[in-house]
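Report on the structure
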Amino acid sequence: MLGGAGILLGVSAGPAQAAEVSYATECVPPAISGLPPVQGTTKVEITAPAQAKVGDEVEIVWKFVQAASKNPDILDLDKDTVQPTGTLKAAGAQTADLAMQGPRQNPPIPKNSDMKLSDMKGKLKLTAPGEVTLTPDAYNINVSKPISTDTKCAPKETVKPAATIKVTDAGGSSGGTTGGLPTVVPTLPTSVPTLPTTVPTGPPTGSSGPTPSESETGGDAGGSSSTGGGGGGGRTDFTGKEVQVPYECKTPIGDKKATSPVQIDAKKNGGNFDLTVRFKKSVMDSPADIPKDSVKPSMEVVLGGADKGTVHVEGPTNAEAIKAGDPIEIPDLTGTYKPGASGESTLSPGVLTVKALGTTTTCTPTKTEVSLTLDTSEQPGGASGGGSAGGSAGGSSTDGGLAATGAEDHGSLKALGLVAGTALLLGGAVFTFMPRRGMR
C-alpha cells in the first residue's frame, strides 16, 4: 500500500514499521501571491524497517496524512502539477538530514480544499550500530502551473520521532557515508498558487504624452476649453491634463483601492477625435513570467458637459513575453470619439479592465476627474447618451482580444492571468487599502 515502504536494499532488514506524528507548522506562500503565512498542523506517517544492519541502505517513506495548509480559494489545481520535497532528520546512533522527494502526482485539487500530496521517499545508508530515530522536518510544495511557485512549510514546535530503526553490527560491513548524506536530491520547494495578488506601488508607464497646452483644460474646475471639434484656430492636437484617479478594484481574490495617474490626449480627425489614454510615470517589474499576447487592457472614457456616454479605448496585448523581474510598460489605450452633441464636452478616465488568460480585473473610479475638454460638433451616430465606437490594436484572438495561447480555458492558468492582469492594470497605482480575508 505504501509503494515499497521499508524495503531494504540489502538483505537483512526487518519488517517495516509505520508510525504517525503531528506537529504545528507554518507555511509561507510564494511572495508573488501576496498571501500571509498559514498556521496549521501537519500529520505525517513515516514507514521504515524496524531492524537493519550496519552497511544496509534502507528506503524510508513519508506519507502525508494531512498537510498544514489547504489550496487557497483562488483556483483549482490540475492533475499532476503538485510535487512535495522535504527533510527527514536521523538522530541517535547516526545523524543525517535525509532528502525526501515525492513524484509530481496528484488528483485535481479544487480551490479551498485539502492539499493532496504524494508519498515522499528517501534512502539512508546505516553507518553505526544502535537506535536511529527518524523525525519529519520542513517540507515544500511546488506547483508547476500556471507558473512554478513554492510554498515552504516548517515546524513551529519540537517534533517527536516518528520511527526508530534498531541497527546491529554487521561484523565488518563498511559504514558507507558517515554523515548519512542523502542519496535522493529533491527538486526545490513548492508552492500553493494563490493567485496572486500583491501589486507593487509604483505607478504604471506608457508612452509619455506632451505637456498640456494653455488653451485646453483639465481637472474638475473646467476653465477655458480647447478649440476641439468646433473648429476654431485650425488646431488638430489637444493635450489633456494628468489626473490622479482613485479606483476601487474587483478581483477574484478580493477588493482593492488604488490611485493611478492618467492623461487623455486627442487628435482631430474630421469631425471625430482619435483618443489616446496614457498611464504616466515609472514602470514596475513583472512579478512573474508573462507569455506573449496574454494580457490586454481597456477603458471606458466617460463623456460629460455637452455630450454624454462613453468611448471605448483599448491597448495591444503584450507583444513579447515578459520575464519575471523585467519592467512592465503600460501601453497606450486608443480609440475614436464621435461626438454626439455640439458644445463643450469633457473626457474623464472611466472603468478600467484587464483580461488575462481567463481572468478579468475591473477598476471603477470613485470620483470623476476631467483630463480634457473639447469643443465638439454633433456627428451622425455620435456618442450622446451611449457608447462611442471602440478601440484599436490588440492581439489576434476571439477571446477578449487575446491571441490564442491554447490555454484560454485552462483553469490552472487563471492565477497567472490574475497576476499579469493585476500587475498591468495597477502597475502604476499607489495602493491605499489592501483588505484580505483570513486563511486557515
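For the structure itself, look to the data block above.
Notes on the structure in this doc start here. Throughout this document, residue positions are counted from 1 along each chain, in the order its sequence is written. The predicted origin of the model limits local features to residues at a pLDDT of at least 70 and limits the giving and counting of side-chain atom pairs to 80 or more, whereas totals for whole chains, interfaces and linings rest on all residues. To get the side-chain values, all heavy atoms of the structure are used, and hydrogens and water are removed first.

In DSSP terms, a helix is any run of H or I states spanning at least four residues, a strand is any run of E spanning at least two, and both are numbered starting from the N terminus. The helix and strand inventory of the chain stands at one helix and 27 strands. Exposure categories follow from relative accessible area, calculated using a 1.4 Å probe and restricted to protein chains: below 20% of the type maximum is buried, above 50% is exposed, and the middle band is partly exposed. In the chain, which comprises 440 residues, the proportion classed as buried is 48%. Computed by Shrake-Rupley with a 1.4 Å probe, the accessible areas treat only the displayed protein chains as cover when residues are assessed. When the accessible surface of the chain is split by element, carbon and sulfur atoms take 51% of a total near 18100 Å².

This brings us to the state of the cysteines. Put simply, a disulfide is two cysteine sulfurs that come within 2.5 Å. All chains considered together, the criterion is met by two disulfides. Disulfide pairing places C27 opposite C153 at an S-S distance of 2.1 Å. On the sign convention where negative means left-handed, the S-S torsion of about 115° between C27 and C153 marks this disulfide as right-handed. One end of the pair, C27, is in strand β1 (residues 16-28); the other, C153, is in strand β11 (residues 149-155), and 126 residues separate them in sequence.

Once that is clear, we can look at the pairing of strand β10 (residues 130-143). Both strand β6 (residues 82-92) and β10 contribute to a ladder of 10 bridges, which runs antiparallel. Its bridge partner being in β10, T85 is matched across the sheet by N140. Across five bridges, the pairing between β10 and strand β12 (residues 163-168) is antiparallel. Residue pairing across strands places T133 opposite T164, the latter belonging to β12. Pairing between strands requires that DSSP locate at least two bridges from one strand to the other. Note: β10 against β11, five bridges, orientation antiparallel.

We define a salt bridge as a side-chain nitrogen of Lys or Arg found within 4 Å of a carboxyl oxygen belonging to Asp or Glu. All told, the structure shown has seven salt bridges when counted by the stated rule. Between D80 and K79 there is a salt bridge whose closest N-O contact spans 2.9 Å. Note that D97 and K89 form a salt bridge whose closest N and O atoms lie 3.0 Å from each other. Residue class for D97 comes out partly exposed when judged on its relative accessible area of 43%. When salt bridges with common partners are traced through the structure, they connect D265, R278 and D332 into a single cluster.

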